[in-house]
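Single-letter residue listing:
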Protein chains: 2
Amino acid sequence: MTASQTTDLLRQHGLRPTRQRIALASLLFDGHPRHVTAESLKEQVKASGIKLSLATIYNTLHQFTAAGLLKEIKGISDVTWFDTNINSHHHFLDTSNNHLIDIPASSITITNLPKTPAGKVINGVEVIVRLTDG
Amino acid sequence: MTASQTTDLLRQHGLRPTRQRIALASLLFDGHPRHVTAESLKEQVKASGIKLSLATIYNTLHQFTAAGLLKEIKGISDVTWFDTNINSHHHFLDTSNNHLIDIPASSITITNLPKTPAGKVINGVEVIVRLTDG
DNA sequence: TATTTTATTTAAAACCATTCTAATCTACTT
DNA sequence: AAGTAGATTAGAATGGTTTTAAATAAAATA
């Protein structure tokens, strides 16, 4: 994605195209699905010679999430993941190396789910398949 | 559960029946399914007039888990839950009040799961159904 | 373009659930 | 009863994440 395309993408989502956001967006939205944590992204940023603070990485990840560009995956393992695949889907969690692998939503069929408690509405169904070496 | 039954339970699992463990075990294993966090348990303990440290609550919850008396549920919401239901099962997470509700394993059928990655073994499948008010 | 306004970035401090430390205490063994 | 291995504890440390408040940069206005 060119810098100008990245700029457009940011503007389309109401985000000012700052140097930092452009750098992060071009790392993240290269067309390949990507799972990042704040720390892993910080290392990628560092490896590409860009300098920006960890606070900005957190801010930006949350802003991208609010804008619908990322999906936040809390609670799998101890750190928060951000996924460029914003469609509903599930995950393998490889606990031996703490990596996530996408499982398409279509790959899993859930039947016989009990009745939703009164006054409540289902907001999402998440399946985590934990893997170990073996 | 009487104190002597609690003592037996602890001994059967290789745990010394200390005052603290007996107190926690009798709160937890009253026959009703229970979801606790370290903090929620601390408050129950406090309410029953027992005095013990938060470190002991954490220690004990982990020891009970290691002994197979509890199941640890990491990653749903920001805190670690401990569940007296040690059978394989799933959860509703009511995000409006951060409560968990059990879903029996038999209530959910998963089909079409993709092939497990080479060299890996499935260690558990966890389904989280997020609820909101509405 | 210069100026003003508003949003963004940042380093450092704060936060908070959880774990660790190391001193004290308690249950079990002999 | 004495010894020892295990348990408890207060308080410090940890680590991912958030907040703060000051500096900077982008957009709007003149």
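Our subject is the structure that appears above.
Quick caveat: nothing in here was measured; it's all calculated off a predicted structure.

### Notes on the environment of A:Ile57
All names here are of chain A.
Then, number 1: Residue placement: Ile57 occurs in helix 4 (residues 54-66).
Then, number 2: C-alpha separation for the pair Ile57 and Asp83, spaced 26 residues apart in sequence, amounts to 14 Å.
Then, number 3: Apart from the residues lying within four places of it in its own chain, the contact partners of Ile57 are Leu24, Ala38, Leu41, Lys42 and Leu52.

### Comments concerning the protein's contact with DNA strand C
Then, number 1: Neighbouring DNA strand C are 20 residues, the closest being A:Thr18, A:Thr56, B:Arg11, B:Tyr58 and B:Thr80.
Then, number 2: Taking the atoms of DNA strand C that fall within 4 Å of the protein, sugar and phosphate contribute 85% of them.
Then, number 3: Interatomic distance of 2.4 Å between a side-chain N/O atom of A:Thr18 and a phosphate oxygen of DNA strand C.
Then, number 4: Within the backbone of B:Thr80, an N or O atom sits 2.7 Å from a phosphate oxygen of DNA strand C.
Then, number 5: Top contributing element to the surface near DNA strand C by residue count: helix 4 (residues 54-66) of chain B, with four residues.
Then, number 6: Across the surface near DNA strand C, the residue classes tally to seven nonpolar, seven polar and six charged.

### A few points about the interface of chain B and chain A
Then, number 1: Taken together, the contact between chain B and chain A spans 36 residues of the former and 36 residues of the latter.
Then, number 2: Together, B:Lys120, B:Glu126 and B:Arg130 form the three largest contributors to the area buried by chain B at its contact with chain A, with a combined 17%.
Then, number 3: Between chain B and chain A we count eight salt bridges in total.
Then, number 4: Of the charged contacts, one joins B:Glu126 and A:Arg130 as a salt bridge, the two residues approaching to 2.8 Å between their closest N and O atoms.
Then, number 5: Between the two partners, chain B and chain A, sit 25 residue pairs in polar contact (both at pLDDT 80 or more).
Then, number 6: Among the secondary structure elements, those contributing two or more residues to the side of chain B that touches chain A are strand 4 (89-94), strand 5 (99-104), strand 6 (109-111) and strand 7 (120-133) of chain B.

### Remarks on the packing of aromatic side chains
Residue and element names in this part refer to chain A.
Then, number 1: Per the counting criterion, the structure on display carries two aromatic pairs over all chains.
Then, number 2: Measuring from ring centre to ring centre gives 5.6 Å for Phe29 and Phe64, while their planes differ by 40°; the resulting arrangement is tilted. With Phe29 in the loop between helix 2 (19-28) and strand 1 (35-37) and Phe64 in helix 4, the pair connects residues that are 35 residues apart, well separated along the chain.
Then, number 3: Among the residues examined, Phe29 registers a relative accessible area of 13% and is labelled buried.

### A closer look at the layout of surface pockets
Then, number 1: A volume near 340 Å³ is recorded for the largest pocket.
Then, number 2: Looking at the largest pocket, it is lined by 13 residues, and the ones nearest its centre are A:Lys71, A:Glu72, A:Gly124, A:Glu126 and B:Arg130.
Then, number 3: Looking at the lining of the largest pocket, the elements with two or more residues in it are strand 2 (71-73), strand 4 (89-94) and strand 7 (120-133) of chain A together with strand 7 of chain B.
Then, number 4: In terms of residue count, strand 7 of chain A provides more of the lining of the largest pocket than any other element does, four residues in total.
Then, number 5: The residues that make up the lining of the largest pocket include at least three from each of domain 1 (3-73) and domain 2 (86-131) of chain A.
Then, number 6: Roughly 280 Å³ of volume is contained in the second largest pocket.

Definitions and cut-offs
- Residues numbered from 1 in each chain as written.
- Chains lettered and ligands numbered in written order.
- Predicted model: local features only at pLDDT ≥ 70, side-chain atom pairs only at ≥ 80, totals over all residues.
- Heavy atoms only, no water.
- Helix = DSSP H or I, 4+ residues; strand = E, 2+ residues; numbered from the N terminus.
- Contact = heavy atoms within 4.5 Å.
- Near = heavy atom within 4 Å.
- Polar contact = N/O pair within 3.5 Å; in protein donor to acceptor, adjacent residues only side chain to side chain.
- Nonpolar A, V, L, I, M, F, W, Y, C, P; charged D, E, K, R; others polar.
- Buried area = accessible area lost by both parts, 1.4 Å probe.
- Salt bridge = Lys/Arg side-chain N within 4 Å of Asp/Glu carboxyl O.
- Phe/Tyr/Trp six-rings, centres within 6.5 Å; stacked < 30°, edge-to-face > 60°.
- Buried < 20%, exposed > 50% of the residue type's maximum accessible area, 1.4 Å probe, protein only.
- 1 Å grid on protein atoms, 1.4 Å probe; cavity = no way out; pocket = protein on both sides within 12 Å on 5 of 7 lines; lining within 4 Å.
- Points joined across faces, edges and corners; volume = space filled by probe spheres on them.
- Domains from an automatic or database assignment.

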